[in-house]
Amino acid sequence: MTIQFQSIDYRYPGSANGVFDVDLSIGDGEFLAVIGPSGSGKTTLLKLLAGFARPAAGRILVDGRDITDLPPEKRRLGVVFQSYGLFPHMSALDNVAYPLKIRGQARAERRARAAQALERVGLAQWAHSMPAAMSGGQQQRIALARALVFSPSALLLDEPLSALDAALRVEMREEILRVQRAANIATLHITHDQEEALSIADRIAIMRAGRIIQIGTPKELYDQPVSRWVASFIGQANLWEGRVGPDRRSVRTPIGELSCDTGEHAADAPVTVLIRPEAILPGDLAPAGTNILAGRVQADRFLGAARRVDLAVGEGLVRVDTHSRAPFDTIAVPPKSIRLLPPEPVSDSVNAIGERT
Amino acid sequence: MLLITFAYLLFLATPIALLFVGSFGESWSNTILPHGFTTRWYLEVAADPSFQRAFVSSIKVVIATCVLNVVIGLPLAYAIYSSARRGVRLAAKIMALLPIAVPDLVLGFGFILVFSSDTAPWLGSIGLLIAAHVILTLPYTVNTVLADMQQLRLHDYEQVAATLSAPFWTRLKDIVLPLLATSVLSSLLTVAALSIGEFQISNLISGFLSRTYPVVLLQAFYGATGFACAATVVLLLLAILASCASSLTASASSRRA
């Protein structure tokens, strides 16, 4: 139950878009999310795996079986589409039983198995309803049941949650994860929602302009992004242009000089400095050995569980997420929370805070 | 708006109502309504051998036209829909629209020129008549079905079925045909009504023994008013009957699929 992309190349006819040099492997029972902005090639990856497009170069293996040249109907993959694709002229039960019908199962047997599959997604009592009479969340569950009922070799999810409203989306991602774990099946999940990917994936591959630029566990991607762009794409990020201090024990940034571990970076080397907003503490809560900086509050928003404060510090702007409700005008930056990334142009980020304009 | 609707219905319904009244009238000249009640006009129409033959010819032509519309129109629409190339789609669309744009008379004279030659002496055969009806009605089938395919996003359902391991012919039988049944049915209603009422081309190219009902009907207007009315009412019933029959057949076949 594994999926492997080996040096896959694909270019859309008459355009520069596509996917290039993709190597990716999804283990047995692993849930891998592919995220990236629109046009980054993540949906192309799914099309290549499902068989709706053939790569120009490279192989795709499922369970060690080379499926590169097989048509979609011979690939034995469960796919849940963005629009669900429930057949409107069939009841929920008939939809789920359909792949079993194609496999030549007797009517009684396939209906029993489809009923079980519906029960697993909590929709047993909806078996005889038509898709048009069901809510988005219910249709989603039926599509999931249908994609898994024939014990496929792998599961493909193409932005299955994007058509749902926010509250239902959170509920459904738990449901998807539960069903995926029960089936213990290698899963490729395509999404543009980084929060969704962080919350359900075992590993995340982040794509940009047709290439995978980092693969890792959600924690690795969040804590050790390889570039400014990845840091800004996943979660909130304070990002500044900085320069390693001459003694390599600190870094100079627009908000001031911060002591930290400079790792491999040479003295005076230009770097990008990343600090997550929740890693910064109000100054009065500071443990010993942290960088204390004074600032001026620019915006203070109450978000319920947390509070988001933007402060002007030195030449820069700092975003702080804190649970503290007390007012503060000094911040503490623990050295361990500071990450130095390769220097990159400021423009190369998605929604970074930090540089004052 | 209400007034316009009312006036429209009046213009539409009054002639039909008067035809109906006239068909049962004993004699009708220079009065608003006919005098007396009789069913003899209907009996005369029924007994007239040329009307009998025309009635049968019309039914044959309608059935053949409907069947050929499904057999040719459905694959044609599917081919146009599936073709990725823009040029193919455009060419097919123009070809399918041409018979609507070209006046029937032009087509009819063209047929006469081509099919009265020695190499293709088929003018007057029922086959040629059916061919002409198919050419005239095919655009309605292709356009209706094509629009339905696009609106349904048929391709998405086919992709889903493919991932569930359904090969092409299975997808066609289980997904494509049932989903398209409604639009095929509604296009056949139009096709049947058009074919029954078609006059221009039928009048030009039908042979003496294969004349359709509207062609023969024209003769009736040189005779008694009551006879003409009765013969026209029969055409109206025939049109309604053909539409109902074609829709019933289509729904029955879709249920079986």
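Residues numbered from 1 in each chain as written. Chains lettered and ligands numbered in written order. Predicted model: local features only at pLDDT ≥ 70, side-chain atom pairs only at ≥ 80, totals over all residues. Heavy atoms only, no water.

Got a minute to help me understand the pairing of strand β16 (residues 291-294) of chain A in this structure?
A regular strand carries its side chains on alternate faces of the sheet. Residue and element names in this part refer to chain A. With burial as the criterion, only one face of β16 is covered, namely that bearing Asn291 and Leu293; the residues Ile292 and Ala294 on the opposite face remain uncovered. Relative to strand β20 (residues 330-333), β16 runs antiparallel, the two being bridged by four bridges. Pairing of Ala294 across the sheet is with Thr330, part of β20. (Buried < 20%, exposed > 50% of the residue type's maximum accessible area, 1.4 Å probe, protein only. Helix = DSSP H or I, 4+ residues; strand = E, 2+ residues; numbered from the N terminus. Pairing = 2+ DSSP bridges.)

Hey, could you run me through the interface of chain A and chain B in this one?
Many authors give the size of an interface as the accessible area that is lost as the parts come together. Taken residue by residue, the interface counts 20 residues in chain A and 17 residues in chain B. On the chain A side of the contact with chain B, Glu73, His89 and Tyr98 of chain A bury the most area, a combined 31% of that side's loss. Where chain A touches chain B, the interface holds two salt bridges. Ionic pairing is found between Lys101 of chain A and Asp174 of chain B, a salt bridge with its closest N-O pair at 4.0 Å. For the pair chain A and chain B, the interface holds six residue pairs in polar contact (both at pLDDT 80 or more). (Contact = heavy atoms within 4.5 Å. Buried area = accessible area lost by both parts, 1.4 Å probe. Salt bridge = Lys/Arg side-chain N within 4 Å of Asp/Glu carboxyl O. Polar contact = N/O pair within 3.5 Å; in protein donor to acceptor, adjacent residues only side chain to side chain.)

Looking at this model, I keep getting lost on a nonpolar patch on the surface. Mind explaining?
Residues and elements named next belong to chain B. Nonpolar side chains collect at one region of the surface, where Ile59, Ile63, Val67, Leu68, Val71 and Ile72 lie side by side and expose about 470 Å² of accessible area between them. Inspection of the secondary structure assignment puts Ile59 in helix α3 (residues 49-82). Judged by relative accessible area, which is 32%, Ile59 ranks as partly exposed. (Patch = residues over 30% accessible without salt bridge, like charges linked within 9 Å, V, L, I, M, F, W, Y side chains within 5 Å. Areas by Shrake-Rupley, 256 points an atom, 1.4 Å probe, with all protein chains shown as cover.)

In this structure, what is going on with the confidence of the model for chain B? I would like to understand it.
Caution applies to low-pLDDT regions: their predicted coordinates should not be interpreted in detail. Averaged over every residue, the pLDDT of chain B is 86; residues scoring 70 or more account for 96%. Our summary of model confidence lists the complex with pTM equal to 0.81 and ipTM equal to 0.82. (pLDDT = per-residue confidence, 0-100.)

How do you make sense of the sheet that holds strand β15 (residues 281-282) of chain A when you look at a structure like this?
Pairing between the strands of a sheet comes from backbone hydrogen bonds, and it takes one of two forms, parallel or antiparallel. Residues and elements named next belong to chain A. With antiparallel pairing, three strands are arranged side by side in an open sheet as β15-β20-β16. Both outer strands of the open sheet, β15 and β16, are each paired with one neighbouring strand and no more. Where β15 meets β20, two bridges bridge the pair, whose relative direction is antiparallel. The residue of β20 that forms the bridge with Leu281 is Ala332.

Is there a simple way to think about empty space enclosed by the protein in this case?
Empty space among the atoms becomes visible once a probe the size of a water molecule is rolled across them. Residue and element names in this part refer to chain B. Scanning all chains against the criterion turns up one cavity of 30 Å³ or more. Reported here for the largest cavity is a volume of approximately 30 Å³. If you trace the largest cavity, you find it lined by Ser50, Arg53, Ala54, Phe208, Leu209, Arg211 and Val216. Here the lining of the largest cavity takes three residues from α3, the largest share from any one element. Across the lining of the largest cavity, the residue classes tally to four nonpolar, one polar and two charged. (1 Å grid on protein atoms, 1.4 Å probe; cavity = no way out; pocket = protein on both sides within 12 Å on 5 of 7 lines; lining within 4 Å. Points joined across faces, edges and corners; volume = space filled by probe spheres on them. Nonpolar A, V, L, I, M, F, W, Y, C, P; charged D, E, K, R; others polar.)

Would you mind going over the state of the cysteines with me for this structure?
A covalent bond bridging the sulfur atoms of two cysteines is what the word disulfide describes. Residues and elements named next belong to chain B. Per the counting criterion, the structure on display carries zero disulfides over all chains. No disulfide involves Cys66; its sulfur sits 12 Å from the nearest other cysteine sulfur, which is in Cys244. Accessibility expressed as a relative area gives 9% for Cys66, which makes it buried. (Disulfide = S-S within 2.5 Å.)

Would you mind going over the side chain of Arg110 of chain A with me for this structure?
Residues and elements named next belong to chain A. By secondary structure assignment, the location of Arg110 is in helix α3 (residues 107-120). Despite its burial, Arg110 pairs with no opposite charge; the closest candidate is Asp94, at 6.6 Å N-O. Side-chain polar atoms of Arg110 contact the backbone oxygen of Gln105, separated by 3.1 Å. (Lys, Arg positive; Asp, Glu negative; His and termini not counted.)

Teacher, can you tell me more about the domain arrangement of chain A here?
One can read the domain layout of chain A as domain 1 (3-220) and domain 2 (236-353). The gap between the C-alpha centroids of domain 1 of chain A and domain 2 of chain A is 39 Å. (Domains from an automatic or database assignment.)

Is there a simple way to think about the sheet that holds strand β3 (residues 31-35) of chain A in this case?
All names here are of chain A. Sheet architecture is open: six strands sit in the order β6-β7-β8-β3-β9-β10, paired in mixed fashion. Pairing within the sheet leaves two strands with one partner each, and these edge strands are β6 (77-80) and β10 (211-216). Ignoring strand direction, the axes of neighbouring strands in this sheet form an average angle of 20°. Relative to strand β8 (residues 187-191), β3 runs parallel, the two being bridged by five bridges. (Axes fitted to C-alpha atoms, helices over the stretch in contact; angles between N-to-C directions.)

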